[in-house]
Amino acid sequence: MEKLAILGGKPVMEGVNVPEELFKWPLFEKVDEDAVLEVFHDNTMSGNLITRKFEEEFAAWQGRKYAVACCNGTMSLQTAMWAVGLKAGDEIICPTKTYWASCLSAQNLGVSVVFANVDKNTLCIDPDDLERCLSPWTKAIMVVHYYGHPADMDRIMAFAKKHNLKVIEDVSHAQGGMYKGRKLGTFGDISAMSLMSMKSLACGELGVMVTDDKAYYDRCVAYLHYERNNEDNITTEGMEEYFHMPLSGMKGRANQLCTAYARTQLKTYDAKIAEIQKAINYFWDCMEGVPGIQAHRVDRSEGSTMAGWYIPHFIYNKEELGGLDIHVFADAVKAETGYYPGLGGNLPLHIHPVFQTLDLIGLGKPSRIAFAHRDVRELDKALAPTEAIECAEIPYFRKYIPEVIKMYADGFRKVAENYQQLLDVQNDAEGKVEGQWYGKVNKTDK
Ligand SMILES: *Cc1c(COP(=O)(O)O)cnc(C)c1O
């Protein structure tokens, strides 16, 4: 039996020089820099022409009729919710394991969030849990393709159709991903996403929504873009009265430094995610048969992909490792490889007080239920299965360098296959539920 490094054995990656390009992100070249500098020198940061070109190109790439860019993904999601007609007293179903921006701003619209469990294998909304969440007030489902994994769109779309619900896709983790041969972002009535710098389509600070419905497009424009809310853009009847103002009272214009950057990034994006897929699929191929570590990965034979594999994860099945605590496991992987697998992903949202007690504008009731027909917080009790899921990151390889990727896999494998050596090791954090409210991507404040 090979002695684990954490117990004094020889580390798998001792003395290995990890090439910088294995993890380098975001990737930009001279064309990206030139595009940004041109905006800077022309003083067109607050203009619209570059943004409009980006929207056209993005819609074409996405395979939808319309795209509207805005300042960030959070705003794009709130806009999408308003655009499909969500209003005070309505309910939206959203998975509890996601980044807060998938649904927190629903509260600004008087909409109540009903949290659904995620499926333990996909980490996306569990179609079997939708019926439980349904009520006469349910109007929409927010679908998140979590960490790049496509949600079960066949079943979600069938459920939505049956109950006459709108579907919004949050594609922030999965730009360019495929579900059974069809691009993510083309299923929902409207799809919205973040293109901020750490996302796989990294464009600074930027959000975009896409749809095939001109009325939704018009509502997105009117909600955020005061200088585009006019007869040149809007054709939906009855909206004239409010031209020239942003209906949300917020200014959502994208900064053209970012849309210029987004135009050049989009040109190379498919090649970039193909490289990531090659690298991470290789890692998982090397991990075949390792106990306790379940790949968060899709069945490729169906024409599905993991997009840019945003923050790749594994599901930790500790019962296959004698109940080994995940903290001990992670420390042992670090000792072998120098890489500490970030634990837990996003904490379930329903446990945060912002969804339980916050009364944002003094209505005398928690914002989440301010206009609700029932106390949807009661339904959170059914979310224990999601709370119990343990997961952790694998290295986010951006380049296919098989000899080094294999070494990382060997490090994970060595720990998992020798877990018995660790069963007596103590860890202060043992048993603690891990995760964070925000993506752990910005590890340092700059
Ligand atoms: C990043 C992210 C957002 C928010 O986007 P920003 O551009 O940071 O505002 C929304 N949903 C998910 C799932 C995200 O990961």
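Structure: see above.
In this report, the structure presented in the accompanying data block is examined. (Residues numbered from 1 in each chain as written. Predicted model: local features only at pLDDT ≥ 70, side-chain atom pairs only at ≥ 80, totals over all residues. Heavy atoms only, no water.)

## Overview of the sheet that holds strand β9 (residues 207-211)
Each strand in a sheet pairs with its neighbour through backbone hydrogen bonds, running either in the same direction (parallel) or in the opposite one (antiparallel).
Then step 1. Here 7 strands make up an open sheet; going across it, the order is β1-β9-β8-β5-β4-β2-β3 and the pairing mixed. Where the open sheet ends on each side, the last strands, each with one partner, are β1 (66-70) and β3 (112-116). Strand-to-strand twist in this sheet, taken as the mean axis angle between neighbours without regard to direction, amounts to 20 degrees.
Then step 2. This element, helix α6 (residues 214-224), spans β1, β5 (166-170), β8 (190-194) and β9 of the sheet and lies at about 15 degrees to β1. (Pairing = 2+ DSSP bridges. Helix = DSSP H or I, 4+ residues; strand = E, 2+ residues; numbered from the N terminus. Axes fitted to C-alpha atoms, helices over the stretch in contact; angles between N-to-C directions. Contact = heavy atoms within 4.5 Å.)

## Focus on empty space enclosed by the protein
Then step 1. Under the criterion given, the structure shown has 1 cavity of 30 Å³ or more.
Then step 2. Empty space within the largest cavity amounts to approximately 40 Å³.
Then step 3. For the largest cavity, the full set of lining residues is Q277, N281, R297, V298, R300, S304, T305, M306 and W309.
Then step 4. Here the lining of the largest cavity is composed, by residue class, of 3 nonpolar, 4 polar and 2 charged. (1 Å grid on protein atoms, 1.4 Å probe; cavity = no way out; pocket = protein on both sides within 12 Å on 5 of 7 lines; lining within 4 Å. Points joined across faces, edges and corners; volume = space filled by probe spheres on them. Nonpolar A, V, L, I, M, F, W, Y, C, P; charged D, E, K, R; others polar.)

## Let's talk about the nonpolar core
Across soluble globular proteins, nonpolar side chains show a tendency to be buried alongside one another.
Then step 1. Ranked by internal contacts, the top residues of the largest apolar core, which has 135 residues, are F58, I92, F283, F329 and F412.
Then step 2. Here this core takes 12 residues from helix α7 (residues 256-286), the largest share from any one element.
Then step 3. Discounting residues that sit within four places of it in the chain, F58 has contacts with A67, M193, L195, L201, V208, V210 and L266. (Core = buried A, V, L, I, M, F, W, Y, C linked by side-chain atoms within 4.5 Å. Buried < 20%, exposed > 50% of the residue type's maximum accessible area, 1.4 Å probe, protein only.)

## Concerning the sheet that holds strand β11 (residues 313-316)
Then step 1. Pairing is antiparallel in the open sheet, where 3 strands are placed in the order β10-β11-β12. Edge positions in the sheet fall to β10 (293-295) and β12 (391-393), since each of these pairs with one other strand and no more. Between one strand axis and the next, the sheet turns by 35 degrees as a mean value, whatever way the strands run.
Then step 2. Where β10 and β11 come together, 3 bridges link them in antiparallel fashion.

## Details of the side chain of D325
Then step 1. Mapped onto the elements, D325 comes out in the loop between β11 and α8 (326-337).
Then step 2. One buried charged side chain, D325, makes no salt bridge at all; its nearest oppositely charged neighbour is K318, positioned 5.3 Å away.
Then step 3. Polar side-chain contacts of D325 include one of 2.6 Å to the side chain of H327.
Then step 4. A distance of 2.8 Å separates the side chain of D325 from the backbone nitrogen of G431, its partner in a polar contact.
Then step 5. Apart from residues no more than four positions distant in its own chain, D325 is found in contact with Y316, E430 and G431. (Lys, Arg positive; Asp, Glu negative; His and termini not counted. Salt bridge = Lys/Arg side-chain N within 4 Å of Asp/Glu carboxyl O. Polar contact = N/O pair within 3.5 Å; in protein donor to acceptor, adjacent residues only side chain to side chain.)

## Comments concerning the site of the ligand
Then step 1. Neighbouring the ligand are 14 residues, the closest being T74, D170, H173, S194 and K199.
Then step 2. Between K199 and the ligand, the recorded distance is 3.1 Å, taken from a side-chain N or O atom to an oxygen atom.
Then step 3. Protein contacts shield 93% of the accessible area of the ligand, which totals 380 Å² for the unbound molecule.
Then step 4. Ranked by the residues each element gives to the shell around the ligand, the list is headed by helix α3 (residues 73-83), at 3 residues.
Then step 5. When its residues are assigned to classes, the shell around the ligand shows 4 nonpolar, 8 polar and 2 charged. (Near = heavy atom within 4 Å. Areas by Shrake-Rupley, 256 points an atom, 1.4 Å probe, with all protein chains shown as cover.)

## Points about the packing of α7 against helix α10 (residues 402-417)
Then step 1. The geometry of α7 relative to α10 is characterised by a closest axis approach of 9 Å and an angle of 40 degrees between their N-to-C directions. Classified by the interaxial angle, the pair formed by α7 and α10 is oblique. Once α7 is placed against α10, the crossing between them reads as right-handed. For the pair α7 and α10, the contacting residues are A279, Y282, F283 and C286 in the first and P402, I405, K406, Y408, A409, F412 and R413 in the second.
Then step 2. Counted by class, the contact of α7 with α10 contains 9 nonpolar, no polar and 2 charged residues. (Parallel < 35°, antiparallel > 145°, perpendicular 65-115°, else oblique. Left-handed = near helix turned anticlockwise from the far one by under 90°.)

## Some words on unusual backbone geometry
Then step 1. Here the amide bond leading from W25 into P26 is cis, since omega sits at -5 degrees, within 30 degrees of zero.
Then step 2. One can find P26 in the segment before α1 (30-42).
Then step 3. At L123, a residue that is not glycine, the phi angle is positive and equals roughly 60 degrees.
Then step 4. With respect to the helices and strands, the residue L123 is situated in the loop between β3 and α4 (130-133).
Then step 5. The backbone phi angle of Y147 is positive, close to 50 degrees, even though this residue is not glycine.
Then step 6. In this structure, Y147 sits in the loop between β4 (138-144) and α5 (153-162).

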